[in-house]
Amino acid sequence: MKQKTRTHFEPHGLAHQLFTMTWPMLFGVLSLMSFQLVDSAFIGQLGVLPLAAQGFTLPMQMLVIGLQVGLGIATTALISRVLGNNDHHRARQLGGVVVIIGDLGIMALCAAIWFGRHQLLWLLGAPSNVFAVIDSYWPVWLASAWCGSMVYFAYSICRANGNTLLPGIMMVITSVLNIGLDPLFMFTFNMGINGAAWATISSFTIGMLVVYPLLIKRQWLSFDWRGLAIYKAIKELVHIMAPAMLSQLLPPVSAILATKLVAGFGAATVAAWALGSRLEFFSLVVVLALTMSMPPMVGRLLGRKDIASIEALITIAVRFVLLWQIAIAAVLFLSAQSLTQLLTTDTSVQHILMIHLTRVPISLGALGICMLMVSVCNAMGLPMRALLISALRLFVCYLPVLWLGAHFAGLSGLFTGAMLGNIAAGLCAWVFYRQGLAHIRNKYQVTSMV
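Predicted model only: the values in this text are computed from it and were never measured.

### A closer look at the packing of aromatic side chains
- Tallying each qualifying case throughout the model produces eight aromatic pairs.
- Here F42 and F187 contribute two aromatic rings whose centre-to-centre distance is 5.9 Å and whose plane-to-plane angle is 65 degrees, an arrangement assigned as edge-to-face. One end of the pair, F42, is in helix 1 (residues 11–44); the other, F187, is in helix 6 (residues 165–188), and 145 residues separate them in sequence.
- By relative accessible area, which is 34% here, F187 ends up partly exposed.
- Sitting over the face of the ring of W114, R117 holds its NZ or CZ atom 3.6 Å from the ring centroid.

So this is what it looks like as structure tokens:
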């Protein structure tokens, strides 16, 4: 009997490749989070109306980001899979299709937001004195949203081609530029909140001028579509993009419902919840980086039909996330008292935040697994399974358990419910991933070595 050639990587090699792909994304994500915080801090100095304008802009921003990230996920999944099959010419052509679809899609969405702005503000319950600020701010903000999306699509093409260093470096550079230009446009040029958007336009335009020529030079992007079935390519992108977009829109809906529940315990609980959520977000930054670095690796391995290496790679990532988040939880537990005193001077908020920090962080490993499984399922061409995991996490595991905890055990039960909900979400995500992996294995008829 003929022996099959071993194609999958050794675990050590996979771990090294995963580290190499992830660390640039880690610094990139941290830099983006930093510039967004600084942006908010500068806008906070302008007064109530600019802050209100930013508040009513956030839901619209989530729509733009939903389309942007959905297409980015589809880009990484599809191009990396084509590269895994050694079809570099088609990968370049797909890169061009992504840029044009992204350009037209984001422009259409921005136009719809602009022409429907007064109806949208009315639906959101905006006061009449905010309308004039929005009329001045949104044209510049929408232009900045388009620039940010176009840079993001370029980064997605880079990651699909196995390069996370370039987008990681550019994310840091554009974020530092944004932070530096914010006070210049907002205060020196006296542009107010519009200056924040102009700073973003300037930094992201510089990013585009650097990244797109490099994409063409490295032959990762082509607008010569001769021989490409464009309709089929668009259909493949939409097949992954549509569920991924819905996945991006579910967390904001869940956050609104959770905040409404938390608000029943008073303003101090809402404040503590917000502070705790921000700490959670920062503690999950490594997981966020992994959700960007793993899909291109999984996609390439899937293109080679190397399911064994996909399974090994995900096992390495899951073990690392669990150990890392346990270590983070231990640090937060031991430093809870110092952190609460540093973050707030209100004793009631300190007390509630202490409960949060001594319970919820222990479940963030499971939440990290859930986030990874959504990313991995998209990369494996199972976008509906990824959407199902997201929906189950929020509306079956998290919100109902949060409500039950609050109903039966009050404030203490609220945070216990959050902890148990995250753990349940992680377990469900793992089960659905394993089922998806079995489906992929059967699809490609992968057999064990003789």
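### Focus: the packing of helix 2 (residues 48–84) against helix 8 (residues 230–263)
- Contact geometry of helix 2 with helix 8 gives a least axis separation of 7 Å together with a crossing angle of 135 degrees. Taken as axis vectors, helix 2 and helix 8 run oblique relative to one another. The handedness of the crossing between helix 2 and helix 8 comes out as right-handed.
- In the contact of helix 2 with helix 8, the residues fall into 17 nonpolar, four polar and two charged.

### Some words on the domain arrangement of the protein
- Splitting the protein by domain gives domain 1 (14–228) and domain 2 (299–444).
- Look at where the C-alpha atoms of domain 1 and domain 2 centre, and you get two points 26 Å apart.
- Listed as interface residues are 13 residues of domain 1 and, on the opposing side, 15 residues of domain 2.
- Here domain 1 is connected to domain 2 by zero salt bridges.
- Along the contact surface separating domain 1 from domain 2 lie one residue pair in polar contact (both at pLDDT 80 or more).
- Of all elements in the fold, only helix 1 and helix 2 reach the threshold of two or more residues within the side of domain 1 that touches domain 2.
- Per element, the largest residue contribution to the side of domain 1 that touches domain 2 is six residues, and it comes from helix 2.

Procedures and definitions
Residues numbered from 1 in each chain as written. Predicted model: local features only at pLDDT ≥ 70, side-chain atom pairs only at ≥ 80, totals over all residues. Heavy atoms only, no water. Phe/Tyr/Trp six-rings, centres within 6.5 Å; stacked < 30°, edge-to-face > 60°. Helix = DSSP H or I, 4+ residues; strand = E, 2+ residues; numbered from the N terminus. Buried < 20%, exposed > 50% of the residue type's maximum accessible area, 1.4 Å probe, protein only. Lys NZ or Arg CZ within 6 Å of the ring centre and 35° of its normal. Axes fitted to C-alpha atoms, helices over the stretch in contact; angles between N-to-C directions. Parallel < 35°, antiparallel > 145°, perpendicular 65-115°, else oblique. Left-handed = near helix turned anticlockwise from the far one by under 90°. Nonpolar A, V, L, I, M, F, W, Y, C, P; charged D, E, K, R; others polar. Domains from an automatic or database assignment. Contact = heavy atoms within 4.5 Å. Salt bridge = Lys/Arg side-chain N within 4 Å of Asp/Glu carboxyl O. Polar contact = N/O pair within 3.5 Å; in protein donor to acceptor, adjacent residues only side chain to side chain.

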